Amino acid sequence: MFKKSAVLLKTMIRANSTFNILKHEKDKKKKRKMIGGIIGITCIYLMIIIYAGGYSALCGYSGMAYAVPASVGVILFAMNFFFTFFKADGYLFAFKDYDMTMSLPLSVKSIVGTRFLRMYILNLPYSLLVSASMIAGYAIYMTIDAWRIIVWIIGTFMLQLFAMVFASILSALISAAGTKFRFKQAAKTILTFAFCIFCFSLRYIIDATVAKDSVAVIDKIDMFNSGVNRYLFPAQWFDGAVSDYSVLQFILLVVVSIAFYELFAYVLSKFYRQINSRLMAVSTSKKKGKAKHIGRKSAVNAIAYKEFRRLLSSNNYLVNMCLGHVLVILMVAALIIFGVDKIINVAVEGAPVTKEMIIPIIPVIIHFFVGMATTTACSYSMEGKSYWILQSLPIEKSTIVKGKILFQLYLSLPLEVLGNIALSIACHAKIYEIILFAVCGAVLSIYSATCGMNCNVSHPNFEWTNEIEIIKQSTAITLYVLPNMFIMMILGVLIIFGGRIVNPDIEILAVTIIYMALAALFYKRSIKKAAKI
Amino acid sequence: MELLEIKNFSKSYGGDKKACDDVNITVSAGDIFGFIGHNGAGKSTTIKATVGVLDFEDGEIYIDGHSIKKEPIEAKKDMAYIPDNPDLYEHLTGMQYLNFIADIFDIDDVKRNGRIDKYAKMFEIENALGDLISSYSHGMRQKVAIISALIHEPKLLILDEPFVGLDPKAALTVKNIMHDMCNEGKAVFFSTHVLDVAEKLCNRVAIIKQGRIVITGDMEELLGDKSLEDLFMEVTEHV
Ligand SMILES: Nc1ncnc2c1ncn2[C@@H]1O[C@H](COP(=O)(O)OP(=O)(O)OP(=O)(O)O)[C@@H](O)[C@H]1O
Ligand SMILES: [Mg+2]
């Protein structure tokens, strides 16, 4: 049985891995492109190394090396939890080769196991990178012996396992609950969003209730031992095993993680067929009769509308693309209800930040959320096996690019402009600033749409079986998301510090102009590159 | 008048072996042209290159006088294509999909609604058009694909294995539509494995073997008093 599962897993990974295609692909141009993609991803790995290694070295430098193991625990947990939570549903349920896989002579539990392991292996490079970079920073300030190294390595695997099982359980529960509704996708999406928002606010909920009287006791700077993190037992055990050489805590970490997985696989395999069968049944309209006719649209708008239906059709796609939008809407709602001072206070936990300090980075804050993801970074590849439709229709490739960009603009431009206006009014920005920020927001959202499109048409991939590969794992989306996220963070810092030398409004004006130029550049490049796909 | 001209078309997928080697085919107005060959002979490759889905270097392909390489938009306007296994947009309803295609061809409301109603009735799927395509059976998808191909009344209809998966009544409807089209001076070009159908339906035929056309011409002239099956076996075994 074990051998058969191993074969299935191997085939599954091989069928989707870049290296397999690279090995058998004869087309030189395609090969070169793939190598380009690999170089891009390597750069991102380097960024992770610098970021994680730098973080732990900085901890050591400021005399807090003791906090590093707990941080590793929390970071690995959080990272793997979110990586998994947003894709587990696509990996575990209603995947394309479900019929084929289920017809193989394997137990349901080993099928669940291989699906899970597949995700596990895909996440592993990131966990190992973070963990290795952090132990390197840690080693500068702390003694490292065989025990610590072994615990660190095994602990990384276990922390990842624990976090992924936890995320998969929640995702499975949401999927199972979703099947109870007629509009399964909508129900699933609402549940997922509700859960995300709960997660983001968990810290404040606990701070406000459980930890109320202990706030004074907890050292605020030592954030990894406060709030929610005190309840994150695997991270605590990892910390104990590394820092205090506690064998008991190490055994707890290993045993609990594995037992947790076993239990999960066992229970899920009991309901697996049932959940999948329900999820794959597409509801058809109850009242049988002729479908209504639809009005005429231009070609570009027809494509934009098609993108809209595509986004609505998939829980994974919607949640991954619109989480930032939902957060901005909630933020604006909270601003209206609670007022800006209270929100700032909660967000920075009492650090001396005033609304005047926030004003210059308003466009950056809003864009950090709204620009977190963009449909254009995957919508071209999403055509997948249906790409023949667009290829055989009498339209220019540029029309496709325009339609897809247009849809992204419908989705994010109004929100980004309104978000900027709302936040600037709440912070009492001057009138001309409000206008400037609104324009900046519009430009940033155009930039995101074109930049994402450029990433996608540079690395198109139509040969996928599971949309999650495109939404979360594709070269295109990685090249869009990570660099832009880092750049926005750095930009925020630069604007604040630069504000001591130049007028912040001039900085924002400069940002607007630079991003406008970039947007124009990416738009041109997208159209040029799309013509060749 | 030639509606389709494939001239010296060759294609290799990167390896040394050519999937298609010096293919020449001409389809004139009023023709129903059958394209026959073994599995892997190069039928789909030729068809995909013809409709602009597959890139190619060697040879030229003209649709109603427009080169698919140099004027792809003009060429595609007069043509419609249905692949052997149509992957449609699963997340649209049948009606939304048909309207999407009509939008791309810029067909006005009156015409598109008339045609959708007419063909949906012919293929008996009026009641399913409001449902998502992901809930359709294989044959239903094929029917929607066929309707979408007819919605702009193309001069040239290109089909890859159109009869696989259709029920007998739908297959008959497709055959009738093909006859109507050729009476109106349009043309149909399709690949098939069903030799009986090809023999009865087509006035012209080409047989392809390992990427090369081994015989092509008028069905009646080629057959004499043999059946198409005999001819197929003869040319593919011995040439
Ligand atoms: N994407 C591809 N990459 C590499 N080789 C391909 C590809 N598609 C087809 N081929 C090869 O090209 C040749 C012709 O294939 P094609 O699909 O045109 O055959 P066909 O006549 O349509 O066969 P069938 O009757 O089975 O549909 C085959 O040898 C096949 O292996
Ligand atoms: Mg074929």
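Treat the numbers as computed from the prediction; the structure is a model and nothing was measured.

## Observations regarding the overall build of chain B
Per the secondary structure count, chain B includes nine helices and 10 strands. Relative to the compact-globule value of 18 Å for 239 residues, chain B shows a C-alpha radius of gyration of 18 Å, a close match. C-alpha extents for chain B along the principal axes are approximately 50 × 40 × 35 Å. In chain B, buried positions account for 57% of the 239 residues. Once local pairs closer than 6 in sequence are excluded, the contacts in chain B between residues at least 24 apart make up 66%. For chain B, the accessible surface area stands at approximately 9800 Å², while carbon and sulfur atoms represent 46% of it.

## Considerations on the domain arrangement of chain B
Residue and element names in this part refer to chain B. What the domain assignment lists for chain B is domain 1 (2–78 + 155–238) and domain 2 (87–153). At the interface, 17 residues of domain 1 touch 14 residues of domain 2. Taken over both partners, the interface formed by domain 1 and domain 2 buries close to 1100 Å², and the fraction arising from carbon and sulfur atoms is 63%. When the shortest N-O distance is used, the salt bridge between Asp167 and Lys143 registers 3.4 Å.

## Topic: the packing of aromatic side chains
Within this structure, the stated rule accounts for 36 aromatic pairs over all chains. For the pair A:Phe83 and A:Tyr126, a centre-to-centre distance of 5.5 Å together with 85 degrees between the ring planes defines the contact as edge-to-face. Taken as a pair, A:Phe83 in helix H4 (residues 68–85) and A:Tyr126 in helix H7 (residues 108–141) lie far apart in primary sequence, 43 residues in all. Relative accessible area serves as the criterion here: at 28%, A:Phe83 is assigned to the partly exposed category. Among the aromatic residues, those joined into a cluster by ring pairs are A:Phe77, A:Phe81, A:Phe82, A:Phe85, A:Phe86, A:Phe162, A:Phe166 and A:Phe260. Positioned above the aromatic ring of A:Tyr380 is the side chain of A:Lys404, whose terminal nitrogen or guanidinium carbon lies 5.8 Å from the ring centre. Cation over ring: B:Lys175 sits above B:Phe163, and NZ or CZ is 5.9 Å from the ring centre.

## Points about the interface of chain B and chain A
Every contact between the two is made by 41 residues of chain B and, on the other side, 34 residues of chain A. When chain B packs against chain A, the two sides together hide about 3500 Å² of surface, and 62% of this comes from carbon and sulfur. Counting the surface chain B buries against chain A, the share from its top three residues, B:Tyr89, B:His91 and B:Ile104, is 18%. Across the chain B-chain A interface, the total number found is one salt bridge.

## A look at the site of ligand 1
Residues and elements named next belong to chain B. Within the structure, ligand 1 sits among 13 residues, and Gly40, Lys43, Ser44, Thr45 and His193 are positioned closest to it. Side-chain polar atom of Lys43 to an oxygen atom of ligand 1: 2.7 Å apart, as the coordinates give it. One nitrogen or oxygen atom from the side chain of Ser44 is found 2.6 Å from an oxygen atom belonging to ligand 1. When the free accessible area of ligand 1 is taken as 630 Å², the share hidden by the protein chains comes to 60%. Examining the composition of the shell around ligand 1, we find that three residues originate from one element, helix H1 (residues 43–50), more than from any other. Looking at the shell around ligand 1, its residues break down into three nonpolar, seven polar and three charged.

Reading guide: rules and limits
- All chains use their own residue numbering, which begins from 1 and follows the written sequence.
- Labels follow written order: the first chain is A, the first ligand is 1, and so on.
- At least 70 in pLDDT is required for a residue's local features to be given in this predicted model, at least 80 for side-chain atom pairs to be given and counted, and no such filter applies to totals for whole chains, interfaces and linings, which use all residues.
- Just so you know, side-chain values use all the structure's heavy atoms and leave hydrogens and water out.
- Here a helix means four or more residues in a row that DSSP labels H or I, a strand means two or more in a row labelled E, and each is numbered from the N terminus.
- The globule rule used here is 2.2 Å times the number of residues to the 0.38 power, and the radius of gyration it is set against is calculated over C-alpha atoms.
- The rule is simple: take the accessible area with a 1.4 Å probe, protein chains only, and divide by the maximum for that residue type; under 20% is buried, over 50% is exposed, in between is partly exposed.
- When checking whether two residues touch, look at their non-hydrogen atoms; a contact exists if any pair is within 4.5 Å.
- Areas reported here follow the Shrake-Rupley algorithm with a probe of radius 1.4 Å; residue values treat only the protein chains shown as occluding.
- Note that domain bounds follow an automatic or database assignment of domains.
- Buried area counts how much accessible surface, traced with a 1.4 Å probe, disappears from two parts once they are put together, with both parts' losses summed.
- Should a side-chain nitrogen of Lys or Arg be within 4 Å of a carboxyl oxygen of Asp or Glu, the pair is scored as a salt bridge.
- Note on aromatic pairs: the rings of Phe, Tyr and Trp (six-membered ring only in Trp) are paired at centre separations within 6.5 Å, and the planes decide the class, stacked below 30 degrees, edge-to-face beyond 60, tilted for the rest.
- Criterion for a charge above a ring: Lys NZ or Arg CZ within 6 Å of the ring centre, and within 35 degrees of the ring normal.
- In this text, near means that some heavy atom of the residue lies within 4 Å of the molecule or strand in question.
- Think of a polar contact as two N or O atoms within 3.5 Å of one another; within protein, one of them needs to be a possible hydrogen donor and the other a possible acceptor, and neighboring residues in sequence only count if both atoms come from side chains.
- Note on residue categories: nonpolar means Ala, Val, Leu, Ile, Met, Phe, Trp, Tyr, Cys or Pro, charged means Asp, Glu, Lys or Arg, and polar means any other residue, Gly included.

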